[in-house]
Amino acid sequence: MIEPVELADFFVTFFSAAAVILCGALYALLFAYSRIRNMPRLMPLAYAAYAALFASVIVLGDAANLFGSLFWAAVMMLMLAGYLAAPHAVWHLCVTTHAAAQRDMPAAPPDSSSPETFQRPCKEKTP
Amino acid sequence: MTALGTIDGTNLNGGQKLAVKYFCVAAILFGAQIAFGLLAGLQYLIPDFLYEVLDFSINRMVHINAMVVWMLFGFIGSAYWLMEEESGIPVVGLKLGNLVFWIFTAAVAVVVAVYLLVQIGPGEHSTLWLITEGREYIEAPRWADIGIVVCLLVFFFNAAATFNKGKWTGIGGVLVLDLIALFGIYLAGMFYTTNISVDQYWWWWVIHLWVEATWEVLVGVLMAYGLMTVLGARRKIVETWLYIEVALMFGSGILGLGHHYFWIGTPEYWLSIGGFFSALEPVPLVAMVVHAVFDSGVHKMRSSNHPAMAWLIAHAFGNFFGAGVWGFMHTLPQINLYTHGTQWSASHGHLAFFGAYATINIAFFYIAMQKWRGNVWMSGDLVGGWKWKWSMVLLNLGMVGMTMGLLVAGYEQSQIERAIEGSTWAGYFAAQAHPWFQQGMFWRMIFGGMFAAGYVLLVLDLLTIGRHETRPAQNVSAGG
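Residues numbered from 1 in each chain as written. Chains lettered and ligands numbered in written order. Predicted model: local features only at pLDDT ≥ 70, side-chain atom pairs only at ≥ 80, totals over all residues. Heavy atoms only, no water.

Focus: the pattern of salt bridges
Residue and element names in this part refer to chain B. We apply this condition: A pairing counts as a salt bridge when a side-chain nitrogen of Lys or Arg comes within 4 Å of a carboxyl oxygen of Asp or Glu. Labels follow the DSSP assignment, with helices taken as runs of H or I lasting at least four residues and strands as runs of E lasting at least two, numbered in each case from the N terminus. When a residue's accessible area, from a 1.4 Å probe over protein chains only, is under 20% of the maximum for its type it is buried; when over 50% it is exposed; and in between it is partly exposed.
Considering all chains together, one arrives at nine salt bridges over all chains under this definition. One salt bridge in this structure joins Arg235 and Glu86, with 2.8 Å as the shortest N-O distance. With Arg235 in helix α8 (residues 235–256) and Glu86 in helix α2 (residues 56–87), this residue pair connects regions lying 149 residues apart in the sequence. Accessibility expressed as a relative area gives 2% for Glu86, which makes it buried. A salt bridge links Glu469 to Arg471; the shortest N-O distance between them is 2.9 Å. Relative accessible area serves as the criterion here: at 3%, Glu469 is assigned to the buried category. Judged by relative accessible area, Arg471 falls into the partly exposed class, the value being 30%. Three or more residues are tied together by salt bridges with common partners; here these are Glu133, Arg135, Arg142 and Asp199.

Let's talk about the confidence of the model for chain A
Residue and element names in this part refer to chain A. Worth spelling out the cut-off: Predictor confidence is given residue by residue as pLDDT, running from a minimum of 0 to a maximum of 100. By the convention used here, residues are in contact when the closest approach between their heavy atoms is within 4.5 Å.
The predicted model of chain A averages 82 in pLDDT, with 80% of residues at 70 or higher. Mean pLDDT values over the elements of chain A span from 46, in helix α4 (residues 115–119), up to 96, in helix α2 (residues 43–63). Residue range residues 108–127 is modelled with pLDDT below 50. Its contacts to residues more than four positions away, or to other chains, number 33 contacts.

Here's the deal with the packing of aromatic side chains
Residue and element names in this part refer to chain B. In plain terms, the rule: Any two of the Phe, Tyr and Trp rings considered here, Trp counted by its six-membered ring, make a pair once their centres fall within 6.5 Å; the pair's planes then place it as stacked at under 30 degrees, edge-to-face at over 60, or tilted in between. Each ring is checked for a lysine NZ or an arginine CZ that lies within 6 Å of its centre and within 35 degrees of its normal; such an atom marks a charge sitting over the ring.
Evaluation of the coordinates by the stated rule reveals 53 aromatic pairs over all chains. Here the aromatic residues Phe23, Phe30, Trp70, Trp81, Trp311, Phe354, Phe365, Phe451 and Tyr455 are joined through ring pairs into a cluster of three or more. When the ring centre of Trp129 is taken as reference, the NZ or CZ atom of Arg142 above it lies at 5.4 Å.

Some words on the interface of chain B and chain A
The condition is simple: The quantity reported as buried area is the accessible area (1.4 Å probe) lost by two parts once they are put together, taken as the sum for both.
Contacts between chain B and chain A engage 50 residues on the former and 49 residues on the latter. Summing both sides of the interface, chain B and chain A together bury roughly 4300 Å²; the carbon and sulfur share of this comes to 83%. Broken down residue by residue, the surface that chain B buries against chain A is led by Val290(B), Phe294(B) and Gln334(B), which jointly contribute 18%. Viewed at the interface, chain A and chain B are joined by zero salt bridges. Elements that contribute at least two residues to the side of chain B that touches chain A include exactly α8, α9 (269–280), α10 (282–299), α11 (306–328), α12 (333–339) and α14 (386–420) of chain B. Take the side of chain B that touches chain A: its biggest share by element is 12 residues, from α10(B).

In structure tokens:
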């Protein structure tokens, strides 16, 4: 069912596993920051972080012998898809929940922190 | 209402008065955890130190049990703290709650005294009932186990009856449902079997499901309330997120239990289940980053209680690094084969418990102190504000240093003891004598001292913060 990691690959395994989580966080951070600050130039950096995550998963898969089994290869694919989609899904939820809460509030003058501001695509500039 | 800055019980409602009692005992037990941890750490470096006076096995046991109990006291206190504000009515059965607090505290004192007075002896049936049950981390004797369940049942009654009589909120609903699991799952650690695999199977229900399911949900409840109190976040938003978090936590956390079933004699399919869900467990943490950035953008980080806010942020980071990064580094069975039960686990455990649970309890200590002193100013330019900042620096740096020291020792153990020597006794001793292990343990001790200094400063700060303030707390209400 599993093929244990070779002694020589211990460090690579630990390092690449840590890199998966850290790059995942960096991707999420840059993704969200780019959107909340309306700074589209940060978005390529976010996807660069995801690319580093992708590379880390491949290195981890190689070091931990995950390519030898269909099941473990599927786990890797699911991880890659999950990390890619999670920030998009959570952003969508953030905007929706804040907009719903805003609708329940008494009318207030619009400002830059209004949830509607965040619903604009990244390419648009705040007036 | 008394003068601002003066500690006065009339500033608190009934539930909050009970909460501060729990917080006081929690803070004392936190000190005990650190003291016994330092003794156990020193015994790694000087094995003869206090031998047959206060053995390593006892120091380690009290160190870990004190941690479990102080966090539990902190959580229970925090729940009582928010109960009346959330439900809109006084706590139902408060007298019973107070009585149980004193019984619970006395029982903890008796259990620890017995641990210290009866360190070795025959393992008989009566030992299980009166001295120790012998299960790692939940060593309390059977009478105390039953007592814990009864206390948690009373706590559940207080919460359920209060919300039922008052108004149900999202926070109240999740809290009450979680408390059912809190006492229910503890029962799994109480029955005795002669098969060690079966015994471990159920034991992990308490250790993993308490920690990675019920405690995490409880922390989600506290975080939701904390964000509303400190940051002025809107109820509808935090409650929506609480539901999402509960779904994500249970979705990945419950079957993440499988990563504890890799090597205890359970069927091989647990390798797949544990590996699969362990790989997914960090996804909610990554999702949390997006939410944190979004919320900080909305609220511009204006808080009514800077120390509490700082500890809530430390909670988010600590949870991410301790549980996420340190957990995933060695959770896949292909590498966990070599790392489980080494100082790797201790490294992960230290950072994860501190990051996920100690931090949020400390945040609530500060929330409580603010109101206990008449809802005093605790935002920028706080008089004597250096103390909370330095205690935070010392505690966090101390914890990171200990984690790194244990990481080095665990890395060496996984190579020498496990991979090269094949988990033999000779391999165990070879790993213990290796310079990397010794140096890792030495630095763990140094940073343990730093952590202890941070604790002393924390207690000093909690006793004095806001004393010289005359300004009322900053209003950050979002109106929701």
